[in-house]
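# Structural overview
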Amino acid sequence: MTRSDGTAAVAGPDGAAGRPPVIEFRQVARTYPGPPPVEAFRPCDLTIRHGDFVTVVGPSGSGKSTFLNLAGLLDAPTAGAYLLDGIDTGSLKDADRTALRGRRIGFVFQSFHLMPHRSALENVALAMVYRATPRRERTRRAREALRRVGLGHRVDALPSRMSGGERQRVAIARALVGRPSLLLCDEPTGNLDTANAQTVLRLLEELHHEGMTIVLITHDQEVAARGRRTVAIRDGVLREEAMAG
Ligand code: ADP
């Protein structure tokens, strides 16, 4: 596809053309003040469009957490601009950043972060508690999200009675239930055995095929290879890796 100005229009999956990218970094950088100062994330341009499945890979200390915190609006760049869904996040007040994060980003962490004494259904439904969604609707959507991750039969189970793979699927349901623009996953298979890791990765691939935008951070090259795009971080420098095939 070519635009009238002659430039190529990149129509990503799921009708990304015409919509602002989910993530747009314009010379984003993060330096920790120190002393001595650490340039943990060097100036970087990065565009992630709707429907992308991007893996971010790098060894320990390379800057992955710094990237996660920036992309997840948990930290702000010390230079450059970060646009999320076209919104320039640098101009937002703290409360607005928090609200934007809550609405647009679903987080999935290595260690699940579930409430141990609440059922799977409550864990998922509670993710919407700060929204104006009525309780019945929260419960309905939580059930739907749990069905989507294959846990429709486990809604009343406590996390302590679930396998690691089931816990991570609850966490994915919780991340999805607010219908975010972006699923931001930090080592989502890091605490799982091989079989459960494969189940979770297959689930993420299915969600990608349904149009979800996914960014997955990992130190594991095999996990990174499951993305449709991979960017590598080394010493705070982020580089796009060549596409396989
Ligand atoms: P990774 O997640 O890949 O292990 P990090 O993003 O945590 O890497 O760290 C990148 C670099 O920034 C490392 O050199 C680390 O020591 C440094 N760093 C991380 N957080 C801070 C901080 N709060 N203050 C100073 N240096 C930091």
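Scroll up a little and you will see the structure.
The following paragraphs examine the structure supplied in this document. (Residues numbered from 1 in each chain as written. Predicted model: local features only at pLDDT ≥ 70, side-chain atom pairs only at ≥ 80, totals over all residues. Heavy atoms only, no water.)

## Re the overall build of the chain
Looking only at helices and strands, the chain features seven helices and 10 strands. By the compact-globule yardstick of 18 Å for 245 residues, the chain fits well, its C-alpha radius of gyration being 18 Å. Reported as C-alpha extents along the three principal axes, the dimensions of the chain are approximately 50 × 45 × 45 Å. Counting contacts in the chain only where the partners sit at least 6 residues apart, residues at least 24 apart contribute 69% of the total. The chain carries 34 positive and 27 negative side-chain charges, and their two centres are separated by 7 Å. (Helix = DSSP H or I, 4+ residues; strand = E, 2+ residues; numbered from the N terminus. Rg over C-alpha atoms; globule rule 2.2 N^0.38 Å. Contact = heavy atoms within 4.5 Å. Lys, Arg positive; Asp, Glu negative; His and termini not counted. Charge placed at Lys NZ, Arg CZ, Asp CG, Glu CD.)

## With respect to the side chain of Arg229
For Arg229, the position within the fold is in strand β9 (residues 229-234). Residue classification places Arg229 among the buried positions, given a relative accessible area of 17%. For Arg229, the side chain forms a polar contact with the main-chain oxygen of Thr47, separated by 2.9 Å. (Buried < 20%, exposed > 50% of the residue type's maximum accessible area, 1.4 Å probe, protein only. Polar contact = N/O pair within 3.5 Å; in protein donor to acceptor, adjacent residues only side chain to side chain.)

## Thoughts on the nonpolar core
Core analysis: the largest hydrophobic core is formed by 37 residues, its most contacted members being Leu146, Ile172, Leu183, Leu204 and Leu207. Excluding its chain neighbours within four sequence positions, the residues that come into contact with Leu146 are Ala120, Leu121, Val124, Leu151, Gly152, Val155, Val170 and Ala173. Counting 27 residues, the second-largest nonpolar core is a separate cluster that includes Ile23, Leu73, Leu100 and Ile233. (Core = buried A, V, L, I, M, F, W, Y, C linked by side-chain atoms within 4.5 Å.)

## Regarding the site of the ligand
Taken together, Tyr32, Val38, Ala40, Pro59, Ser60, Gly61, Ser62, Gly63, Lys64, Ser65 and Thr66 make up all the residues around the ligand. Note that an oxygen atom of the ligand is positioned 2.6 Å from one of the side-chain N or O atoms of Ser65. Here the ligand, which alone exposes 560 Å², has 58% of that area covered by the protein. Of all the secondary structure elements, the ones that give two or more residues to the shell around the ligand are β2 (38-48) and α1 (64-71). In terms of residue count, α1 provides more of the shell around the ligand than any other element does, three residues in total. Looking at the shell around the ligand residue by residue, the class counts come to four nonpolar, six polar and one charged. (Near = heavy atom within 4 Å. Areas by Shrake-Rupley, 256 points an atom, 1.4 Å probe, with all protein chains shown as cover. Nonpolar A, V, L, I, M, F, W, Y, C, P; charged D, E, K, R; others polar.)

## A few points about the packing of aromatic side chains
Within the structure shown, the criterion is met by five aromatic pairs. On the numbers, 6.0 Å between centres and 35 degrees between planes, the contact of Phe41 with Phe67 is tilted. Here Phe41 is found in strand β2, whereas its partner Phe67 is found in helix α1, with 26 residues between them in sequence. Taking relative accessible area as the criterion, Phe41 reaches 1% and is therefore assigned buried. Taking the relative accessible area as the measure of exposure, Phe67 reaches 0% and is therefore buried. Ring geometry for Phe107 against Phe109: centres 5.7 Å apart, planes inclined by 0 degrees, an arrangement best described as stacked. Among the aromatic residues, those joined into a ring-pair cluster are Phe25, Phe41, Phe67 and Tyr82. (Phe/Tyr/Trp six-rings, centres within 6.5 Å; stacked < 30°, edge-to-face > 60°.)

## Describing α1
An α-helical turn contains 3.6 residues, so any two residues separated by three or four positions project in the same direction. Taken across its eight residues, α1 has six buried, putting it largely inside the fold. Backbone geometry just after α1 places Leu73 at a positive phi near 60 degrees.

## Remarks on the sheet that holds strand β3 (residues 53-57)
Read from one edge to the other, the open sheet built from six strands follows the order β6-β7-β8-β3-β9-β10, with strand pairing classed as mixed. The strands lining the two open edges of the sheet, one partner per strand, are β6 (105-108) and β10 (237-240). On average, adjacent strands in this sheet sit at an angle of 20 degrees to one another, irrespective of strand direction. In this sheet, strand β8 (residues 213-218) lies alongside strand β7 (residues 182-186) in parallel orientation, the contact comprising five bridges. Among the inter-strand pairings, Asp186 is bridged to a residue of β8, identified as Ile217. Sitting on the sheet, α1 touches β3, β6, β7, β8, β9 and β10, and the angle it makes with β8 is about 155 degrees. Strands β6 and β7 of the sheet are contacted by helix α5 (residues 164-176), whose axis makes an angle of about 170 degrees with β6. (Pairing = 2+ DSSP bridges. Axes fitted to C-alpha atoms, helices over the stretch in contact; angles between N-to-C directions.)

Purely spatial values, then, with no claim about function.
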